[in-house]
Amino acid sequence: MIITFTPNPSLDRTVTLNAPLAPGGVHRIEIDQIQPGGKGINVAFGLQRAGLDTLAIFQAAQGDPLLDLLAEVGLPVRTSPIRGRVRTNITLLDSNATTKINEPGEKLSVVEIAGVEAALLNAVGPGDTVMLSGSLAPGFEVREYAKLVRKIRHVGAWVGVDTSEAPLLALARELREDEAAAPNFLKPNAEELGQLTGRDGRDLEAAAGRGDFAGLREAALDLQKRGVSDVLVTLGGAGAMLATAEGVWFCQAPDAPVISTVGAGDCSTAGYLIGRAQGMAGPERLALAVAYGSAAVSLPGTTTPHPNQVEPFLRLARSQPVA
Ligand SMILES: O=P(O)(O)OC[C@H]1O[C@](O)(CO)[C@@H](O)[C@@H]1O
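Residues numbered from 1 in each chain as written. Predicted model: local features only at pLDDT ≥ 70, side-chain atom pairs only at ≥ 80, totals over all residues. Heavy atoms only, no water.

### Let's talk about the UniProt feature "domain: Carbohydrate kinase PfkB" (unreviewed entry) in the protein chain
Next up, step 1: Under the UniProt annotation, the feature "domain: Carbohydrate kinase PfkB" (unreviewed entry) is placed at residues 26-307.
Next up, step 2: Between the C-alpha atoms that bound residues 26-307 there is a distance of 40 Å. The span itself is 42% helix and 21% strand. (UniProt positions renumbered as here; feature names shortened; annotations may be inferred. Helix = DSSP H or I, 4+ residues; strand = E, 2+ residues; numbered from the N terminus.)

### Quick look at the nonpolar core
Next up, step 1: One finds Leu120, Val130, Leu132, Ile152 and Leu216 to be the most contacted residues of the largest nonpolar core, which totals 51 residues.
Next up, step 2: Here Leu120 is in contact with Ile3, Phe5, Ile57, Val130, Leu132, Leu148 and Ile152, once residues within four sequence places are set aside.
Next up, step 3: Formed by 31 residues, the second largest nonpolar core is a distinct cluster that contains Leu47, Phe185, Ala240 and Val310. (Core = buried A, V, L, I, M, F, W, Y, C linked by side-chain atoms within 4.5 Å. Buried < 20%, exposed > 50% of the residue type's maximum accessible area, 1.4 Å probe, protein only. Contact = heavy atoms within 4.5 Å.)

### Brief notes about the environment of Phe185
Next up, step 1: Inspection of the secondary structure puts Phe185 in strand 10 (residues 185-186).
Next up, step 2: Once the C-alpha coordinates of Phe185 and Ala170 are considered, the two residues, 15 residues apart in sequence, prove to be 16 Å apart.
Next up, step 3: Among residues more than four places away in sequence, those in contact with Phe185 are Met131, Trp158, Val159, Gly160, Val161, Val228, Asp230, Leu232, Thr269 and Tyr272.

### Topic: the side chain of Arg87
Next up, step 1: Summarising the element assignment, Arg87 is placed in strand 6 (residues 87-93).
Next up, step 2: Summary of buried charges: Arg87 has no salt-bridge partner, and the nearest side chain of opposite charge, Glu103, is 6.7 Å away.
Next up, step 3: In this structure Arg87 touches Asn8, Pro9, Ser10, Leu11, Asn102, Glu103, Pro104, Gly105 and Ser135, once residues within four positions along its chain are discounted. (Lys, Arg positive; Asp, Glu negative; His and termini not counted. Salt bridge = Lys/Arg side-chain N within 4 Å of Asp/Glu carboxyl O.)

### Quick look at the packing of helix 6 (residues 190-197) against helix 7 (residues 201-209)
Next up, step 1: Interaxial distance between helix 6 and helix 7 falls to 7 Å at its minimum, and their mutual angle equals 130°. Overall, the two elements helix 6 and helix 7 adopt an arrangement that is oblique. Taken as a pair, helix 6 and helix 7 cross one another with a handedness that is right-handed. Residues Ala190, Glu191, Leu193 and Gly194 of helix 6 touch helix 7, and the partners they reach there are Gly201, Leu204 and Glu205.
Next up, step 2: Tallied by class, residues from the contact of helix 6 with helix 7 come to three nonpolar, two polar and two charged. (Axes fitted to C-alpha atoms, helices over the stretch in contact; angles between N-to-C directions. Parallel < 35°, antiparallel > 145°, perpendicular 65-115°, else oblique. Left-handed = near helix turned anticlockwise from the far one by under 90°. Nonpolar A, V, L, I, M, F, W, Y, C, P; charged D, E, K, R; others polar.)

### Points about the packing of aromatic side chains
Aromatic ring pairs are reported here in terms of the distance separating the ring centres and the angle at which the planes meet.
Next up, step 1: Here the structure, examined in full by the defined rule, presents three aromatic pairs.
Next up, step 2: One aromatic cluster is present, formed by Trp158, Phe185 and Tyr272 through successive ring pairs.
Next up, step 3: Looking at Arg276, its charged tip hangs above the ring of Trp158, at a distance of 3.7 Å from the centre. (Phe/Tyr/Trp six-rings, centres within 6.5 Å; stacked < 30°, edge-to-face > 60°. Lys NZ or Arg CZ within 6 Å of the ring centre and 35° of its normal.)

### Points about the site of the ligand
Next up, step 1: Neighbouring residues of the ligand: 16 residues in total, closest Asp12, Asn89, Lys100, Ser135 and Asp266.
Next up, step 2: At a separation of 3.0 Å, an oxygen atom of the ligand approaches a polar side-chain atom of Asn42.
Next up, step 3: Ser135 is positioned with one of its side-chain polar atoms (N or O) 2.8 Å from an oxygen atom of the ligand.
Next up, step 4: Protein contacts shield 90% of the accessible area of the ligand, which totals 390 Å² for the unbound molecule.
Next up, step 5: For the shell around the ligand, the secondary-structure elements that each account for two or more residues are strand 2 (10-17), helix 1 (39-49) and strand 6.
Next up, step 6: The class makeup of the residues in the shell around the ligand is one nonpolar, ten polar and five charged. (Near = heavy atom within 4 Å. Polar contact = N/O pair within 3.5 Å; in protein donor to acceptor, adjacent residues only side chain to side chain. Areas by Shrake-Rupley, 256 points an atom, 1.4 Å probe, with all protein chains shown as cover.)

### Let's talk about the packing of helix 10 (residues 282-297) against helix 11 (residues 307-314)
Helix-helix packing: each pair is described by the crossing angle between the helix axes and the interaxial distance.
Next up, step 1: Two elements in contact, helix 10 and helix 11, have axes whose closest approach is 8 Å; the angle formed by their N-to-C orientations is 110°. Looking at the two axes, helix 10 sits roughly perpendicular to helix 11. Considering the relative orientation of helix 10 and helix 11, their crossing is right-handed. Here helix 10 contributes Ala287, Leu288, Ala291, Tyr292, Ser294 and Ala295 to the contact with helix 11, which in turn contributes Pro307, Gln309, Val310, Phe313 and Leu314.
Next up, step 2: Counted by class, the contact of helix 10 with helix 11 contains nine nonpolar, two polar and no charged residues.

Here you go:
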């Protein structure tokens, strides 16, 4: 079973504007779409569409519109009740760019936080895979991911984390002090890898753009020394790098028409987890992660691809060893 935990779920509202976004201007909405969102929920969609046994865990009030949308598509979920509403994150699409505006989410009480964490920990058993994804709703401590990683590893499950900003920095601090806080898997982008390892992420990304992966590789190996076994570094339209105990590889992203980049990283995570569940070796897992990301950007809004939409990109994705 692959369990995803989304401590700050969202409704994703995507509006397509009639003209390029101009600060201070008046814009008309041409298309307005609402979809379920939040990083762990997006990952669970990808897993479900690939036929894997998955469960998405998060908090939501009874009757929240997010639950209705998820019920319509039949995603297996386990929720813990809260008083507030799930946040709405807005994506503004124009012919030039994707602009994302994320709400912080409503503050959770101590009881609500304990409730959703209990829902997670009660669901996890030895041998499960658990993916902890996204920001933390206000009320969670920034150290929450490090605490949950320790508890989940203690149960004997494999655990991955994909987060950013304050919770990522808190995880980085704990990783320096205690190997038990290390997840089995991390999915940073170059900037986040820089933050995790005390490097300049922009330099790492710029060097990778010139075909020089030494900095990224060294940073990923630093994380491995602190107990993280697999590090998938997503590099947007350039592709991704994977470091495991078996080696380090880079896979260039196949060309894809870019419709919406929202959720592409979550789809790469889903691709990675699907490859792992299917027993693929590192280079194949990396290629699948990259192909999922490419397929995702070619779809509107926060849409997770089906395997048949990934297939054309997978045929073009080739992982190369990074020396
Ligand atoms: O939890 P965060 O970092 O605010 O990100 C949530 C947003 O990211 C996404 O999960 C896409 O990665 C959206 O579905 C959602 O709106």
